[in-house]
Amino acid sequence: DSGVTQTPKHLITATGQRVTLRCSPRSGDLSVYWYQQSLDQGLQFLIQYYNGEERAKGNILERFSAQQFPDLHSELNLSSLELGDSALYFCASSVLSGSLYNEQFFGPGTRLTVL
Amino acid sequence: DQQVKQNSPSLSVQEGRISILNCDYTNSMFDYFLWYKKYPAEGPTFLISISSIKDKNEDGRFTVFLNKSAKHLSLHIVPSQPGDSAVYFCAAVGYNTDKLIFGTGTRLQVFP
């Protein structure tokens, strides 16, 4: 158990819908990261928040947005869903940002299926 | 453009023998490299890492080798155990950034 929790575990929805994925980082971790793993793909970095502020952005679609709240939990919002958005979405957390040996701890993921 | 590549999607090794997983990268600005292990229905778990200023890092049965001139790193597991059966991801981090750039993974199966 990494200490990172993600809800829900599974999500099935239809094209055009909007969903929210939730992540609670490990206690004391200030950085939260979101990654997407599509079928047969490695994990793709989407976005990072550090202590409530956006720190880095990767290949995140405009239809996707995220935020980190004062209690440090984070939500990833996916809207106007398409079939290709079906994937595993992982959240990770780490203590710091921008330093070496900044190990990221991953949650169990949310499996999103868009029908 | 895949900056981190794991060209072997799968590897099968007998228990007790050495497992060697390979990873190639294209960006010479990567500063730090990590290996993660992933079991089904779980998130990736950090295994071992290496800074770009080193060429070897060892932790128990796991050793990572870095060849900067070839832009290649490898993970050696000796001796391999059935519990090592999982998908292994290589990842890289650029200077002054935290985002991990992952390879596509290698599925390791250790059989008795």
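Residues numbered from 1 in each chain as written. Chains lettered and ligands numbered in written order. Predicted model: local features only at pLDDT ≥ 70, side-chain atom pairs only at ≥ 80, totals over all residues. Heavy atoms only, no water.

Engineer: Please explain the environment of His73 of chain A as it appears in this structure.
Structural biologist: All names here are of chain A. Topologically, His73 is positioned in the loop between β7 (64-68) and β8 (74-78). By relative accessible area, His73 is classed as buried at 8%. Residues His73 and His10 lie 63 residues apart in sequence; the distance between their C-alpha atoms is 19 Å. Ignoring sequence-local partners within four residues, the contact set of His73 consists of Arg22, Cys23, Ser24, Pro25, Gln67 and Gln68. Reaching out from His73, the side chain makes a polar contact with the side chain of Arg22 at a distance of 3.2 Å. (Helix = DSSP H or I, 4+ residues; strand = E, 2+ residues; numbered from the N terminus. Buried < 20%, exposed > 50% of the residue type's maximum accessible area, 1.4 Å probe, protein only. Contact = heavy atoms within 4.5 Å. Polar contact = N/O pair within 3.5 Å; in protein donor to acceptor, adjacent residues only side chain to side chain.)

Engineer: When you look at the pattern of salt bridges in this model, what are you seeing that I'm missing?
Structural biologist: In total, this model carries six salt bridges over all chains according to the counting rule given. Here Asp85 of chain A ties to Arg63 of chain A by a salt bridge, and the two come within 2.8 Å at their closest N and O atoms. One end of the pair, Asp85 of chain A, is in the loop between β8 and β9 (87-94); the other, Arg63 of chain A, is in the loop between β6 (53-57) and β7, and 22 residues separate them in sequence. Asp84 of chain B is paired through a salt bridge with Arg61 of chain B; the nearest N and O atoms lie 2.8 Å apart. Taken together, the residues Asp84 of chain B in the loop between β8 (72-77) and β9 (86-94) and Arg61 of chain B in the loop between β6 (56-59) and β7 (62-67) connect sequence positions 23 residues apart. The partly exposed category is assigned to Arg61 of chain B, whose relative accessible area is 22%. Bridged by salt links that share partners, the residues Arg63, Glu82 and Asp85 of chain A form one connected network. (Salt bridge = Lys/Arg side-chain N within 4 Å of Asp/Glu carboxyl O.)

Don't take any of this as a statement about function, it's just geometry.
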